[in-house]
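Here is how the chains run, residue by residue.
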Amino acid sequence: MELAYKVIEEDSKYLMQSFTRWYPLVIDHAKGSLIYDVDGKEYIDMNAGIGVMALGHGNEKVIKAVEDQMRKFFHYSLTDFYYDLAVRVARKLVSLLPFDGKVFYTNSGTESVEASIKIARGHTGRQYVIGFLNSFHGRTFGSMSFTSSKSVQRSMFSPLLPSTLLVPYPDRHNPLCREDCSSSVLSYIEDWILRKVVDPNDVAAFILEPIQGEGGVIVPPREFLQGLEKISRNNGILLIMDEVQTGIGRTGKMFAFENFNVKPDLICLAKALGGGIPLGAVVGRSEVMDLPKGSHANTFGGNPLALAASEVVLEEIPGLLSRVSKLGEEIRDILSLARSPYLDEVRGMGLMIGAELTKDGKPYEDGLAKVLNNSFKRGVLAIGAGESVVRLLPPLTIEEDLAVKGANVIKEEMEKL
Ligand SMILES: Cc1ncc(COP(=O)(O)O)c(C=O)c1O
């Protein structure tokens, strides 16, 4: 770890230290689902750069596409000009949706969320946007106004965006919600919030993650999303799904909302979309994507190198979906077999997996830190979510034997607690 600690020392000198960071991994290079640190040690990647590297590291098709694009042009900006690559990727994205859609490109998840709020307000002429407790939507002011998985993400930065509300997500961790609380949450929204707090005619949109990622891999009941869709439709409120983490095949469907048989109006994307090059997008129903000329744009959104990578991603991911579901089930089965009094629940969909650790009925944060650190020492990379959830987001291409090996190391470390 000699070289690693040197980098870490300099990092603390030159970089603001507002990150989370679970253990001292200093990466040198990566290939497929393996990571190599600066001291030459090999690791199984069960994290994929927080769900970004869906096709694994150093995918040859992505490299070739980006190299070819580099020789054409790096950047020119869709704000004032046109290029066919932007149209091709948008056409492909829209072809994967269950409705006629249009695309607006961004550079990150938070920027997609910001854009979706502007589109929703602009289209409806309404001000209010309702988000859900324990969500993570990003760290800029608009998205932060709905981010509420940890108070440190918000507490120093008020005032946040006005005309926003947070309501409960159907989550058994919510003290008001021990069992499946789908119907009580829906009636709280419909019968209290939309009657007593805000007139539905003032609400532009609901924004939510179809599965809460950073909040602890919380999978809501199907009826909840379907009920929320109904409330939205009945009141002319738009439904924004933040699929920044769940989208592009992560849950075994191209978009997670497909698992719940609902149709959003706007979808926020980023992470895996650009194959490791920053790229985000808002994809929405054509009639909703109607902000007027000059009202929204950016310099870098739809960067040609990112789009070249994305074209490969969108071509390759649909062919991986059934293996994502199967492999996800296999990993969840392995983790569920851990003989640990601290393993509360293993959950998730596809290759978005969480194993929650509790002690005396409370989040076991130290247990999480131990599992992550000891797995790291044994060459397996995972990160945390919620207060004490081991979160796995491996590349969707991870070889079965590597995934099984990685899952077994995590299982053993949970057993050792
Ligand atoms: C669901 C969700 N939305 C938004 C974001 C923010 O994305 P970014 O970090 O690219 O701004 C994240 C990041 O983890 C996320 O998981």
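Computed from a prediction, not measured in an experiment: that's the story for all the values here.

What counts and how
- Residues numbered from 1 in each chain as written.
- Predicted model: local features only at pLDDT ≥ 70, side-chain atom pairs only at ≥ 80, totals over all residues.
- Heavy atoms only, no water.
- Phe/Tyr/Trp six-rings, centres within 6.5 Å; stacked < 30°, edge-to-face > 60°.
- Helix = DSSP H or I, 4+ residues; strand = E, 2+ residues; numbered from the N terminus.
- Buried < 20%, exposed > 50% of the residue type's maximum accessible area, 1.4 Å probe, protein only.
- Disulfide = S-S within 2.5 Å.

Engineer: Help me understand the packing of aromatic side chains in this model?
Structural biologist: We describe a pair of aromatic rings using the distance from one ring centre to the other and the angle between the two ring planes. Scanning all chains against the criterion turns up ten aromatic pairs. Summarising the aromatic geometry, the rings of phenylalanine 132 and tyrosine 169 are spaced 6.2 Å apart at their centres and angled 80° between planes, so their arrangement reads as edge-to-face. Separated by 37 residues along the polypeptide, phenylalanine 132 in strand β5 (residues 128–132) and tyrosine 169 in the loop between β6 (164–167) and α7 (182–197) bring together distant segments of the chain. Both residues of the pair, phenylalanine 132 and tyrosine 169, count as buried. Each ring, one from tyrosine 342 and one from tyrosine 364, has its centre 4.9 Å from the other, and the planes form 55°; the classification is tilted. With a gap of 22 residues between them, tyrosine 342 in the loop between α10 (321–336) and β11 (343–349) and tyrosine 364 in the loop between β13 (362–363) and α11 (365–377) connect regions that are remote in the sequence. You can call tyrosine 364 buried: its relative accessible area is 9%.

Engineer: Is there a simple way to think about the state of the cysteines in this case?
Structural biologist: Two cysteines whose sulfur atoms are joined by a covalent bond form what is called a disulfide. Using the criterion set out here, one finds one disulfide in the structure. Paired by a disulfide, cysteine 177 and cysteine 181 hold their sulfur atoms 1.7 Å apart. When the S-S torsion is 85°, as for the bridge of cysteine 177 with cysteine 181, the disulfide is right-handed. In this structure, cysteine 177 and cysteine 181 share a single accessibility class: buried.

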